[in-house]
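Architecture at a glance
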Amino acid sequence: MSSESGVSTESLPDIAQQGFGIDVGGSGIKGGIVDLVTGDLVGERFKVLTPQPATPEAVAGGIREVVDHFDWKGPVGVTLPAVITGGVARTAANIDKGWIGTDVYKLLGEQLGDRQLSVLNDADAAGMAEDRYGAGKDYKGVVMLLTFGTGIGSAIMFGGTLIPNTELGHMEVDGKEAEHQASSKVKEDKDMSYTKWAVEVSKVLSAYEALFWPEVFIAGGGISRKSHKWIPHLTNKTPVVPATLLNTAGIVGAAMAVEAGLRP
Ligand code: BGC
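Let me sum up the structure you'll find in this document. (Residues numbered from 1 in each chain as written. Predicted model: local features only at pLDDT ≥ 70, side-chain atom pairs only at ≥ 80, totals over all residues. Heavy atoms only, no water.)

**Here we look at the side chain of E209**
Stated formally: By definition, any uninterrupted DSSP run of H or I lasting at least four residues is a helix, any uninterrupted run of E lasting at least two residues is a strand, and each is numbered from the N terminus. When accessible area is computed with a 1.4 Å probe and restricted to protein chains, residues below 20% of their type maximum are described as buried, those above 50% as exposed, and intermediate ones as partly exposed. As used throughout, the charge tally considers Lys and Arg to be positive and Asp and Glu to be negative, leaving His and the chain termini uncounted. Definition used for salt bridges: Asp or Glu carboxyl oxygen within 4 Å of a side-chain nitrogen of Lys or Arg. Definition of a polar contact: a pair of N or O atoms within 3.5 Å, with one able to donate and the other able to accept a hydrogen when the atoms are protein atoms, and with sequence-neighbouring residues admitted only if both atoms are side-chain atoms.
Within the secondary structure layout, E209 lies in helix α6 (residues 194–212). Put simply, E209 is tucked away with no salt bridge, and the nearest opposite charge, on K237, sits 4.9 Å away. Side-chain polar atoms of E209 contact the backbone nitrogen of K237, separated by 2.8 Å.

**As for the packing of helix α1 (residues 56–70) against helix α2 (residues 104–112)**
The criterion, for reference: In this analysis, axes come from line fits to C-alpha atoms, helices being fitted only over the stretch in contact, and the angle between any two N-to-C directions falls in the range 0 to 180 degrees. Geometric relationships in this document are graded by angle, where less than 35 degrees denotes roughly parallel, more than 145 denotes roughly antiparallel, 65 to 115 denotes roughly perpendicular, and other angles denote oblique. By convention, the crossing between two helices is left-handed when the near helix turns anticlockwise from the far helix through less than a right angle, and right-handed when the turn is clockwise. By definition, residues are in contact when any of their heavy atoms lie within 4.5 Å. Under the scheme applied, nonpolar residues are Ala, Val, Leu, Ile, Met, Phe, Trp, Tyr, Cys and Pro; charged residues are Asp, Glu, Lys and Arg; polar residues are all the others, including Gly.
As a packed pair, α1 and α2 sit with axes 9 Å apart at the nearest point and diverge in direction by 45°. With respect to their mutual orientation, α1 and α2 come out oblique. Two packed elements cross with a definite hand, and for α1 against α2 that hand is right-handed. Contacts between α1 and α2 involve P56, E57, A60, G61, I63, R64 and V67 on the former and, on the latter, L107, L108, Q111 and L112. Counted by class, the contact of α1 with α2 contains 7 nonpolar, 2 polar and 2 charged residues.

**Points about the site of the ligand**
The following threshold applies: Any residue with a heavy atom lying within 4 Å of a molecule or strand is counted as near it. Accessible surface area values rest on a Shrake-Rupley calculation with a 1.4 Å probe, where residue burial reflects the displayed protein chains alone.
What surrounds the ligand is the set A82, A93, N121, D122, A123, I152, G153, E167, H170 and E179. With respect to the ligand, the side chain of D122 contributes an N or O atom lying 2.5 Å from an oxygen atom. Contact between the ligand and E167: an oxygen atom at 2.6 Å from a side-chain N or O atom of the residue. Protein chains bury 89% of the 310 Å² of accessible surface belonging to the ligand in isolation. Elements that contribute at least two residues to the shell around the ligand include exactly α3 (122–133) and β9 (152–158). The residue makeup of the shell around the ligand, split by class, is 4 nonpolar, 3 polar and 3 charged.

**So, the sheet that holds strand β10 (residues 161–163)**
For clarity, the threshold we go by: In this description, strands pair whenever DSSP reports at least two bridges between them.
Across the sheet, which stays open at both edges, the 5 strands sit in the order β10-β9-β8-β13-β14 with mixed pairing between neighbours. Since the sheet does not close on itself, it has two edges, and those belong to β10 and β14 (240–242), each with one partner. Strand-to-strand twist of the sheet, defined as the mean angle between neighbouring strand axes without regard to direction, takes the value 30°. Two elements, strand β13 (residues 216–220) and β14, share 3 bridges in a ladder whose sense is parallel. Its bridge partner lying in β14, I218 is registered against V241. Here α3 sits on the sheet in contact with β8 (143–148), β9, β10 and β13, set at roughly 45° to β9. Sheet strands in contact with α6 are β8, β9, β13 and β14, and its direction is about 150° off that of β8.

The following block contains the structure:
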């Protein structure tokens, strides 16, 4: 591309297109600079281990370490495995229960200074990223992302808009919370085959589709890397496709959230 003065602008990085996201999980705090045009990371991601116990103060220190590693001064988006409403964490999955009731903006503001912040649920961030840049990008209807891990995280997107904190992993299906029968942890704990586990996942997806009628389910979480072993065995109606961004989805979605000024 050439500007009118004839000076090439092609090789200049467009800083305005860059964002920053941090994905907090039970084992790691991962962050990186995100190209918001392509949804790719700019350079490598950086990870510190989640401190144990993962108290709000200890995790906030880890978040600061990741931001400092990049010497990033701009807005920061952060995911937590928690419901966030009104800027307060209401639940805490795989992190210290001390998060419940924490004002996450106050806590992070103390570590990161005066800058724009967005804090949102981990699955919600992954859903935003997959919807815009990944497996959901060609769908016009409702896209439902589910992350299969220690629990089941959920995100519902329509026309690029997220309905935050859907928490469908806790929906009761056949008298049991969905994540207690179909998370990948349950598969591991009970040493289930992929085929047997697919029966449980199908039940859960059938219950979700009966209520939400998504156009597609996106399967995320580590187990989506092995999707060829279980997606073909699913018997629910709605198509299920594997996530494509995998371990960057949370980081990318967090960066998108702060770019959009989201404060669920
Ligand atoms: C939590 C969700 C979280 C999901 C994935 C569930 O147990 O309730 O808030 O998104 O796990 O971490």
